[in-house]
Every structure is written in structure tokens, then in C-alpha cells.
Amino acid sequence: MHKLGFSPDEYTLGSVFSGCAGLRSVFIGQQAHGYMVKYGLELDSVVSSSLAHMYMRNGKLRDGQSVIRSMPVRTLVAWNTLLSGYAQEGCPETVLCEYKKMKISGYRPDQITFVTVLSSCSDLAIRGQGQQVHAEAVKIGASSVVAMVSSLISMYSKCGCLEDAAKAFSERGDEDEVMWSSMISAYGFHGRGEEAIKLFNTMVEETEMEINEVTFLNLLYACSHSGLRDKGLELFDTMVEKYGFRPSLRHYTCVVDLLGRAGDLDQAEARIRSMPMKPDAVIWKTLLSACSVHKNAETAQRAFEEILKIDPNDSSCYVLLANVHASAKRWRDVSEVRKSMRDRDVKKEPGVSWFEHKGEVYRFKMGDRSQSQSKEIYSYLKELTLEMKVKGYKPDTASVLHDMDDEEKESDLVQHSEKLAVAYALMVLPEGVPIRIIKNLRVCGDCHVAFKYISVIKNREITLRDGSRFHHFVNGKCSCGDYW
DNA sequence: GTAGGGTTAG
């Protein structure tokens, strides 16, 4: 069109930006931006929104922001573009902050705003705010739109309330495959593989919905997190043979997870090496993590090297490898790994846990002493540990990756961010109120045991969302069945 | 012509 001498108008550019956003071609998008200026279309709010979207989808947050800031009139679509841009770039806090500003400036959110904000609440696992958004949606009659229901299912599930997720699901009987997949994923997230499969079967047998690749992804994920190895492998075959879907890298990652968690490390590795696409760092990390569960140093070393070939700056693989060695008490290998971390200036992502109380978020880093009540928290924990020991708790010093004597290891364990968070939650929350803690990384083995004891001693329901799933502690038992 | 839902590992 350009070569033939046609000039673009606002409609042309809107489409071009939209295409560039989808294709991630920021270079072409920038050229089209030049045309926009040249043809004096900078004041058009539709073109500006699509331009901002193009930048934000391509990771250029600042460029997107400045486009939206320079709009003479900020529209609702512009706000939504901004919010979803932050959401997709992994800045859920910013989404919530801008959402507040949006409302203060007098804009009325619509269902698209709600969906975006709800996904940020899911990421942060802040149920209180999620519920509030739910209520706002109810008020304007937007809560029963299927896309909203999917978001609500996901939000409630990721915030630890499987019941509320199921409630949102059951209130809408629609045959919408995304909504059903959301519910399958919710079951998987909570280690309820059997229920996930049951829902899938109902979907196939009693409805007309199309099953797609994502549905299978959710299903496989549910199986591997529930220890349903054979069922998962069977579903993978069904997907390929009966449905004719070509498995993606993510599907293979689920299979490697299924095999690896079940201890079939050789098979898992063979799958990676024989699959038709190039492995990424994640699939090797899946294997490496399985190696640390099953204490297989040889396979771990190979996976570790593969990861570094793909992403030399990855820090988590060092920690995982050190884990494998530490569990076998090979301290020389552990310090070897630590040394290479130092040499290459690789830093571990610090563990952080938090919980929400009366609209405030309380954060704890490992070994945190920055709270005004730190002293009280540590002495509370000390007392709690004594009570736990009376009931039979033995600190799992194997969870400590350093070669120290047991006493030092114990004091190391006490400083874990999830323990600090649970202690403070016990101190400030009224009796009987369930405690919901979120941690950025996986829960450590010792903390997992400790939380079981705490749930008995304090007669408290504790929910812990870690980096990949939920743990419900009730009466000394965890919903994950110690399989994670 | 613009914005939104379910998606693997640590």
C-alpha cells in the first residue's frame, strides 16, 4: 500500500499497530509511529491507544506510557491499555496503583478493567482486593460475563479459596471452554487431580465444547501436581492420538514433570532429548528439580549444564544443583557450586513471604529484622518452636544448604521468611481467623513440616501459596499430601 | 481501526 503511494489514515495505522502488537514487531511499529506523526494523527485517541498497546506488548513500557500521557483526552480504553500493559509485563502492583488513580480521576471501570485488575490480584494472591473488585463488578452487573467468571475462578483459586472458585463456576452454567479450563486449572492448583479429570470427562461426554491444547495443558498440570503419573501420560497420548494436537514445548514440560516427580528421571531426560523442538531452560529446570527430589546428582549435573548453555545468567539452577549435593551431604560439591556462583556474580533470588491484613500487606524477607516488632516476632517463634518440639517436631536440618552444626542449622531455619510471616500473622490476627501466606519461591521442606505442627498447636487453618501451588494445613495435615 | 478471561519450571 505504501509502495503504491497510498497515504495511511487513522484506520490504516490502527490496524498496523494492532498487527505489530500481535507479531511483536516493534521495529515496523516504530516506523508506523513515524507516519502517525508525519500525517498529524497524533491526537486521535483510538490510534494512540493502539500505538501504546503496541509498545507495551513489546516490553516498551515507557514508550507506551508516554504515548498515553500525551493524549489530550484520556479514554477508558487508554486506561485499560495502560493497565493491561502493566499486567502483561508482570507489574501487578502498578496495575492496582493505577487502577486506584483511574477511579479517583472519575473513570468508571468496565468489565475489561475488572478482568485485568482481577488477574493482578491473582498474581499477588490478595483475596481481599480481589473480592472488592468482584463486588464492584456485581454492582454494575458485569460479574456474570463469561470472561469475568473465568477471571474470578482463577483469582479465587490462586488466592486459596477453591470453594469460592467452584461457586463462581457453578453459578454460570455456560458451555465456555475457557471457563471450564479455568476450573480444571483451579483443581490442579490445589492438588485435586481426580476432580480435574472428572470435570474434563464431563466436558467431553456431556457438552459440545471444543477441547483445545490449553485444556490439556491444565489437565496434565493437574495430574503432575497430584501424583497421577500414569493418568497424565495416558491423557498426553489421548491428546496426540485422539485429538490430533501436536504437543507444544509446554506439554512436553508437563510430561517431563510427570515422569520426573514420579522418579523416572532417565525417561524424563530421554523425552527432552527426543522431542521435536529445541528444549528451553524451563524444561531442563523441571528435570533438575525432579533430580533434587530424587537425589540424582549425575542427571542433575547434565541438566545444570544444559540450562547454563541456554541462559548463563539463571540463578535458580545453581540453587537446585546445590540442593542435590546438600541432600547427599556432599559439602565439597556444594561449596564448589557456591564458588562458581560467586565467580560468575550470580545472585539467588531472595525468599519473600507476605500476607494481607486490613488492607495492608506485611512482607518478610529471609532473616528479616526490619520490622518494628522484630524482637517480639523472633521470641514468639522461639517459644513456638519449643512447643512444636514437645509435640514431636524435629527441625529438618537437611533443608539447610550449608555445612554447619545442627544448632546453627536450626537457627538458620527459624529465619525463613514463611516462618516469620506465620508468626506475625499469629500475633496480629484474631483467634480462629484462617491465615493466608504467600511466598515467592517454593516452600522449604522444614517449613512445610513446621506449618503442620502449627496448624495443630494453634488450632488454625493455614494456607500457604508458594511459587507453584497451594498448601492447606488443617489439623496437622497438608492438602498436597506431601507430594509437591 | 484500540483494551480483557484459562497456559509449563524454580
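Residues numbered from 1 in each chain as written. Chains lettered and ligands numbered in written order. Predicted model: local features only at pLDDT ≥ 70, side-chain atom pairs only at ≥ 80, totals over all residues. Heavy atoms only, no water.

In the annotation of an unreviewed UniProt entry, the entry for chain A reads DYW domain-containing protein, and the organism field reads Brassica napus.

**Brief notes about the protein's contact with DNA strand B**
Around DNA strand B sit 51 residues in total, of which Q111, S150, D176, H225 and R250 are the nearest. Each atom of DNA strand B within 4 Å of the protein was assigned to sugar, phosphate or base; sugar and phosphate come to 48%. Here the surface near DNA strand B takes 6 residues from helix α9 (residues 146–158), the largest share from any one element. Looking at the surface near DNA strand B residue by residue, the classes come out as 15 nonpolar, 25 polar and 11 charged. (Near = heavy atom within 4 Å. Helix = DSSP H or I, 4+ residues; strand = E, 2+ residues; numbered from the N terminus. Nonpolar A, V, L, I, M, F, W, Y, C, P; charged D, E, K, R; others polar.)

**Brief notes about the packing of helix α17 (residues 281–294) against helix α19 (residues 316–327)**
Viewed as axis vectors pointing N to C, α17 and α19 meet at an angle of 25 degrees, and their least axial separation amounts to 8 Å. Classified by the angle between their axes, α17 and α19 sit roughly parallel to one another. Taken as a pair, α17 and α19 cross one another with a handedness that is left-handed. Taking contact as the criterion, the partners of K285, L288, S289, C291 and S292 in α17 are, on α19, S316, C317, L320, L321, N323 and V324. (Axes fitted to C-alpha atoms, helices over the stretch in contact; angles between N-to-C directions. Parallel < 35°, antiparallel > 145°, perpendicular 65-115°, else oblique. Left-handed = near helix turned anticlockwise from the far one by under 90°. Contact = heavy atoms within 4.5 Å.)

**A short note on the packing of α9 against helix α10 (residues 162–171)**
With their axes 7 Å apart at the nearest point, α9 and α10 run at an angle of 165 degrees to one another. When the interaxial angle is binned, α9 and α10 end up roughly antiparallel. As α9 runs across α10, the sense of the crossing is left-handed. Of α10, the residues touching α9 (which contributes V149, L152, I153, Y156 and S157) are L162, D164, A165, A168 and F169. Among the residues forming the contact of α9 with α10, the class breakdown is 8 nonpolar, 1 polar and 1 charged.

**Things to note about helix α6 (residues 92–104)**
Look at α6: 19 Å from first C-alpha to last across 13 residues, which is about the 18 Å you get at 1.5 Å a residue. Those residues of α6 that fall on the buried side of the exposure criterion are P92, V95, L96, E98, Y99 and M102. The arc that holds the buried residues of α6, viewed along the axis, is 170 degrees, so those residues lie on one side. Residues of α6 that are exposed and point over 90 degrees away from its buried face: E93, K100 and I104. (Expected span 1.5 Å × (residues − 1). Buried < 20%, exposed > 50% of the residue type's maximum accessible area, 1.4 Å probe, protein only. Arc of directions from axis to C-beta.)

**Some thoughts on the pattern of salt bridges**
Oppositely charged side chains may form a pair once their charged atoms are brought near each other. For the structure shown, the criterion picks out 19 salt bridges. With its nearest N and O atoms 3.1 Å apart, the salt bridge here joins E136 to K103. With a gap of 33 residues between them, E136 in helix α8 (residues 127–139) and K103 in helix α6 connect regions that are remote in the sequence. Two residues, R302 and E269, come together in a salt bridge whose shortest N-O distance is 2.9 Å. With R302 in helix α18 (residues 297–310) and E269 in helix α16 (residues 265–274), this residue pair connects regions lying 33 residues apart in the sequence. The exposure class of E269 is buried, given its relative accessible area of 8%. Three or more residues are tied together by salt bridges with common partners; here these are E269, R273, R302, E306 and K309. (Salt bridge = Lys/Arg side-chain N within 4 Å of Asp/Glu carboxyl O.)

**Considerations on the side chain of D314**
As for its position among the elements, D314 is in the loop between α18 and α19. Classification of D314 by relative accessible area gives buried; the value is 7%. At 2.5 Å, the side chain of D314 and the side chain of K285 are in polar contact. In terms of polar contacts, D314 uses its side chain to reach the backbone amide nitrogen of C317, at 2.9 Å. Setting aside its immediate chain neighbours within four residues, D314 contacts K285, I307, L308 and V346. (Polar contact = N/O pair within 3.5 Å; in protein donor to acceptor, adjacent residues only side chain to side chain.)

**What about the pairing of strand β4 (residues 462–465)?**
Here β4 shows no split at all, with I462 and L464 on one side and T463 and R465 on the other all buried. Inspection of the sheet shows strand β3 (residues 435–439) paired to β4 by 4 bridges, in the parallel sense. Note on β4: the bridge partner recorded for I438 is R465. For the crossover that starts at β3, traverses helix α24 (residues 445–457) and ends in the parallel β4, the hand is right-handed. (Pairing = 2+ DSSP bridges. Right-handed = clockwise from strand over helix to strand, strands pointing away.)

**Description of the environment of H53**
In this structure, H53 sits in helix α3 (residues 45–57). Between the C-alpha atoms of H53 and T116, which are 63 residues apart in sequence, the distance is 14 Å. Residue contacts for H53: discarding those within four places in its chain leaves A21 and T81.

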